[in-house]
Amino acid sequence: MAAHLKKRVYEEFSKVVQIPHEEAPAKKLRLSKPSKSAALHIDLCKATNSTDALQYLLQFARKPVEAESVEGVIRILLEHYYKETDNSVRLKIASLLGLLSKTQGFSPDCIVDDSINTLSNEKSHQVLAQLMDTLLVIGTQLPESPTVRQRLIEVACKHLSDTYFGVRNKCLQLLGCLGIVESPLNKDEGLVRDVQSIISDYFGDQDPRVRTAAIKAMLQLHERGMKIHQIIYDQACRLLSDDYEQVRSAAVQMVWVLSQLYPESIVPIPSSNEEIRLVDDAFGKISHMVSDGSWMVRVQAAKTLGSMLQVSPHFLEQTLDKKLMSDLRRKRTAHERAKELFASGEFSSGRKWADDAPKEKLDTNTVNLIASGACGAFVHGLEDEMFEVRIAAVEALCQLARSSPSFAEKCLDFLVDMFNDEIEEVRLQSIHVLREISTHITLREDQLDTVLAVLEDSSRDIREALHELLCYTNVSTKECIQLALLELLKNLNKYPTDRNSVWKCLMFMGSRHPTLVLPLVSELLSTHPYFDTPEPDMDDPAYIAVLVLVFNAAKSCPTMPSLFSDHTFRHYVYLRDSLSHLVPPLRLPGRKQVYGLDSVDSGSGSGSVESAQLFLQQSLNRVSTIQNLEAPGAQDLLDFTIRDLQRLGELQTELAGAADFCATYLRCQLLLIKALQEKLWNMAVPLCLKQNVTATAAAQQILEETYKLEFLYCGLESRQVATIHHVRLQAKALQLILTARTRLDPLISSCEKFLQDVESFQRLFLTELPHLQDSFVDKLLELMPRLSSCKPVELVKILQTTLRQSGLLQLKLPEQIHRATATIIEPTGESDNPLRFTTGLVVALDIDATLEHVQDPQNSVKVQVLYPDGQSHVIHPRPGDFRKPGPNRHRLITQVYLSHTAWTEPSQIEVRLLLAYSSSSTSLSSSASKQGWSDSIDSIPPSEAAVEGTIPFSKPVKVYIMPKPARR
């Protein structure tokens, strides 16, 4: 019994408790980076001489440094700086301090004291200048710290007395970038002075580089929003006569700034009792600089004159005075002096009373220096030997003439004379300038004769610019119209490729001068009041040009059609159909039944833009109700809506882009609905192979259409781009489901790629997710934790269910949306004569196309040539082949080289323009910044792989070619 009790006691009090085994927590890996400061310290310690140390510093400068390592690296550099005796090494260290202070994410306030302390014991002027530059970098990185700013300004003022120009330059630059007008500075034995007076003291420095730096520092204060004192004007004017061109160029800018700040202030004229406005005085002084010895100063002065729009009219007009005045006396030319000497002999002949008497002396106090200074400034500029000065003078005349119609009339002769300049760029700029001021001028016959002489120029750009000038220029007489028409027809005969440009020019000329064209109609159309004249050939471009001029003039002149002959009315009908953009609709009473002419005004053809826009919005609202319809009804509604939108785009060109965009988007939805029909998903795969193929093709077509929606239209907002990507994600889900139904191999890689696309969508369009409620992607994001951990088969089932349950996402139209379009002007594709060339050689095909609403055409537009045997060549035009005649409009003029093997007979090739795109170039995907060193192995999921392709956006043009065999 005792033994039994003892056993029970042991059982009660010696109970063994087993502690469950706990798993050791998994150790997290952390990528350790080598310490940049330690590596730099080891390298610098290994250096046996200054050359080795300099090499190590140069190698270190090529490597990036993280923000958290910058401070340690700077400490190592400063430690080695105090030990180093070689100036070049200390100079490199000072440079590295400035570079490291610019590191993103690093605040240099912790190294301000150390950087300032390095100045105290430094003896090298070059190193001092570099250290001041480093302090300037530190100050610009800490704009919100007034204490640091004040300390740096005091340091700069202290070192302004340095004997080396580089140190003074950097100190002045620091004062210009960090100085504050309101805060007085203590300098020169306690005198309180502001930063402007300190900087202005160095306008008279002995070194021209310091004088230039002082002016630029003052201009820097102005750019930062500080008002410069007017007392600096006299000092700046004295610097206009400096011996060095850099000083004079900066002084011109300084005088201009002060003339804009104090235009109405009154300043005295030296050596005179008169006073004038400061802006007029500055204009006269800058006009003097147009005759400067340095062409760079002349360019600066000419450009500056163009922006002085507040000058008095009489000062402005004196710049065009061709009489070169000296002491208010006209200088006689060499020809005049020679003629007078020849007529009178070497001595006085005695025939003319007092012809050899001395000229009267003029009192120099009565000479107006402003008039003589501003006199002939633009004459000098337009006749300068450097074409850069002439271009600057032409541009300045344009700016002044646009604001003064009277000045535009007076400078017209000078601009027309520039059409004969020897440099093409000057001629082209003169034409553009005259085009801009064309509303203020009317050309005389002699001026028009000079202008039309440029049509003989071999440069296509010059000729087309002149055509555009004639479109908007007014002429004075009917002889001018006749002269212009004759020269344009000569141009058309000499350069047939200018056909469209000449026709457009005559269209505008006829509509602007109907009363001047009216007296010429009988002569132009070769009509006679009594005799019948032969009917001209309608294939003649010159005759079409004459008809375009006459028909556009007849629109504003109702009496003109009575002068037309019968064949002229027939030709009108033909041109109204074939060249409707050049021939306007005319009211021709009594001719409608016979010739079918349009007697309705062009403005009443289609509805207004407002009603069309309302119809577009109502169509989109109607489509949003397809959720409540069965599949056949929804498809019919989408079909009808797409048809209506396409027709709307044809009728209303202003809404063509928006209508096409909506129709393409609804076409994607229609394809998606057809691919998700019940019978396709309720049957076994072997029983619906044909339907599977159709659904696969539909998914691929949806992807292509989404790329068109994204890259073929401009003006899209973030919400529209998110809607496009949403449809693309649906198409990718459909592709994944169809792949799972027809393929037996594992789908792990495809599923992972799809999940990455979903995460990329969430990252790119995070701000648009609230507008995507109850959409396909919204449901996917709710199921994302489950999708990330499930098997591929289960993921496909979830995708199938979610895709079939998701509805149509409502499309919201942006304010302005335009479709990128291209029209190939040349070749026309109308010629039946083949382009012949020898096999193995090349032939050049001229391409002339107009591009509308194309973004970055230099990188995105390509030319495709498709041969009859199926070969396709894609040519990337040179950037110089693109011109920009107007906003959202480009012109492509290039040559494509063709080559092929021998053919037995001529055949046609197709030429079209392609728009290249890359999904990585979207503006939203580029927002992701580059990733640096990461402290964890966890990283941001990669975005979708870049998809590149091309979209045809022009109608193909067919060209006959004939490669013939080489002769032996």
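Our subject is the structure listed above.
An account of the accompanying structure is given in this report. In this text, all values refer to a predicted model and were calculated from it rather than measured experimentally.

## A few points about the pattern of salt bridges
So, point 1. In this structure the tally under the stated criterion is 35 salt bridges.
So, point 2. Here Arg444 and Asp446 are joined by a salt bridge, their closest N and O atoms 3.2 Å apart.
So, point 3. Owing to a relative accessible area of 41%, Arg444 belongs among the partly exposed residues under this scheme.
So, point 4. With a relative accessible area of 46%, Asp446 lands in the partly exposed category.
So, point 5. In this structure, Glu464 engages Arg460 in a salt bridge whose closest nitrogen and oxygen atoms are separated by 3.2 Å. With Glu464 and Arg460 both in helix α25 (residues 460-471) and four residues apart, this pair spans about one turn of that helix. With respect to class, Glu464 is no different from Arg460; both count as buried.

## A short note on empty space enclosed by the protein
So, point 1. Within the structure shown, the criterion is met by two cavities of 30 Å³ or more.
So, point 2. Its boundaries defined by the atoms lining it, the second largest cavity holds a volume of some 50 Å³.
So, point 3. Lining the second largest cavity we find Leu620, Val623, Ser624, Tyr665, Leu666, Leu808, Leu809, Gln810 and Leu811.
So, point 4. Elements supplying a minimum of two residues to the lining of the second largest cavity: α33 (609-623) and α35 (656-675).
So, point 5. Here the residues of the lining of the second largest cavity are counted per class, giving seven nonpolar, two polar and no charged.

## With respect to the packing of aromatic side chains
So, point 1. One pass over the full model with this rule turns up 10 aromatic pairs.
So, point 2. Judged by centre distance (5.1 Å) and plane angle (15°), the rings of Phe711 and Tyr917 are stacked. One end of the pair, Phe711, is in helix α37 (residues 689-711); the other, Tyr917, is in strand β18 (residues 907-918), and 206 residues separate them in sequence. In this structure, Phe711 and Tyr917 share a single accessibility class: buried.
So, point 3. Aromatic pair Phe761 and Phe765: ring centres 5.0 Å apart, planes at 50°, arrangement tilted.
So, point 4. With a relative accessible area of 4%, Phe761 lands in the buried category.
So, point 5. Exposure remark for Phe765: the relative accessible area of 0% places this residue in the buried category.
So, point 6. An aromatic cluster of three or more residues is present, and its members are Phe551, Phe564, Phe569 and Tyr572.
So, point 7. Taking NZ or CZ as reference, Arg435 lies 3.8 Å from the ring centre of Tyr472, over its face.
So, point 8. When the ring centre of Tyr495 is taken as origin, the NZ or CZ atom of Arg463, which lies over that ring, is 3.7 Å away.

## Observations concerning the sheet that holds strand β13 (residues 843-852)
So, point 1. Taken together, the four strands give an open sheet; going across it, the order is β11-β13-β17-β16, and neighbouring strands pair in antiparallel fashion. Each edge of the open sheet carries a strand with a single partner, namely β11 (821-826) and β16 (882-886). Recorded for the sheet is a direction-independent mean angle of 30° between the axes of neighbouring strands.
So, point 2. As paired elements, β11 and β13 share five bridges and run antiparallel to each other. Pairing of Thr823 across the sheet is with Thr850, part of β13.
So, point 3. Sitting on the sheet, α25 is in contact with β13, β16 and β17 (889-898), with an inclination near 145° to β17.

## Structural notes on the environment of Leu676
So, point 1. Relative to the helices and strands, Leu676 is located in the loop between α35 and α36 (678-681).
So, point 2. Judged by relative accessible area, Leu676 falls into the buried class, the value being 17%.
So, point 3. When the C-alpha atoms of Leu676 and Ala695 are compared, they prove to be 7.9 Å apart, with 19 residues separating the residues in sequence.

## Some words on the packing of helix α39 (residues 748-764) against helix α42 (residues 792-805)
When two helices pack together, their arrangement is given by the angle between the helix axes and by the axis-to-axis distance.
So, point 1. Axis separation between α39 and α42 bottoms out at 10 Å; the angle between their running directions is 50°. With respect to each other, α39 and α42 are oriented oblique. Between α39 and α42 lies a crossing whose hand is left-handed. Residues Ile748, Cys751, Phe754 and Leu755 of α39 pack against Pro792, Leu795 and Leu799 of α42.

## Structural notes on unusual backbone geometry
So, point 1. Following Glu826, the chain continues into Pro827 via a peptide bond in cis, with omega recorded as 0°.
So, point 2. Looking at where Pro827 falls in the secondary structure, it is placed in the loop between β11 and β12 (835-838).
So, point 3. Look at His853: it is not a glycine, yet its phi comes out positive at around 60°.
So, point 4. Despite not being glycine, Asn888 shows a phi value in the positive range, around 60°.
So, point 5. For Asn888, the location among the structural elements is in the loop between β16 and β17.
So, point 6. With relative accessibility at 46%, the residue Asn888 sits in the partly exposed group.

Rules behind the numbers
- Residues numbered from 1 in each chain as written.
- Predicted model: local features only at pLDDT ≥ 70, side-chain atom pairs only at ≥ 80, totals over all residues.
- Heavy atoms only, no water.
- Salt bridge = Lys/Arg side-chain N within 4 Å of Asp/Glu carboxyl O.
- Buried < 20%, exposed > 50% of the residue type's maximum accessible area, 1.4 Å probe, protein only.
- Helix = DSSP H or I, 4+ residues; strand = E, 2+ residues; numbered from the N terminus.
- 1 Å grid on protein atoms, 1.4 Å probe; cavity = no way out; pocket = protein on both sides within 12 Å on 5 of 7 lines; lining within 4 Å.
- Points joined across faces, edges and corners; volume = space filled by probe spheres on them.
- Nonpolar A, V, L, I, M, F, W, Y, C, P; charged D, E, K, R; others polar.
- Phe/Tyr/Trp six-rings, centres within 6.5 Å; stacked < 30°, edge-to-face > 60°.
- Lys NZ or Arg CZ within 6 Å of the ring centre and 35° of its normal.
- Pairing = 2+ DSSP bridges.
- Axes fitted to C-alpha atoms, helices over the stretch in contact; angles between N-to-C directions.
- Contact = heavy atoms within 4.5 Å.
- Parallel < 35°, antiparallel > 145°, perpendicular 65-115°, else oblique.
- Left-handed = near helix turned anticlockwise from the far one by under 90°.

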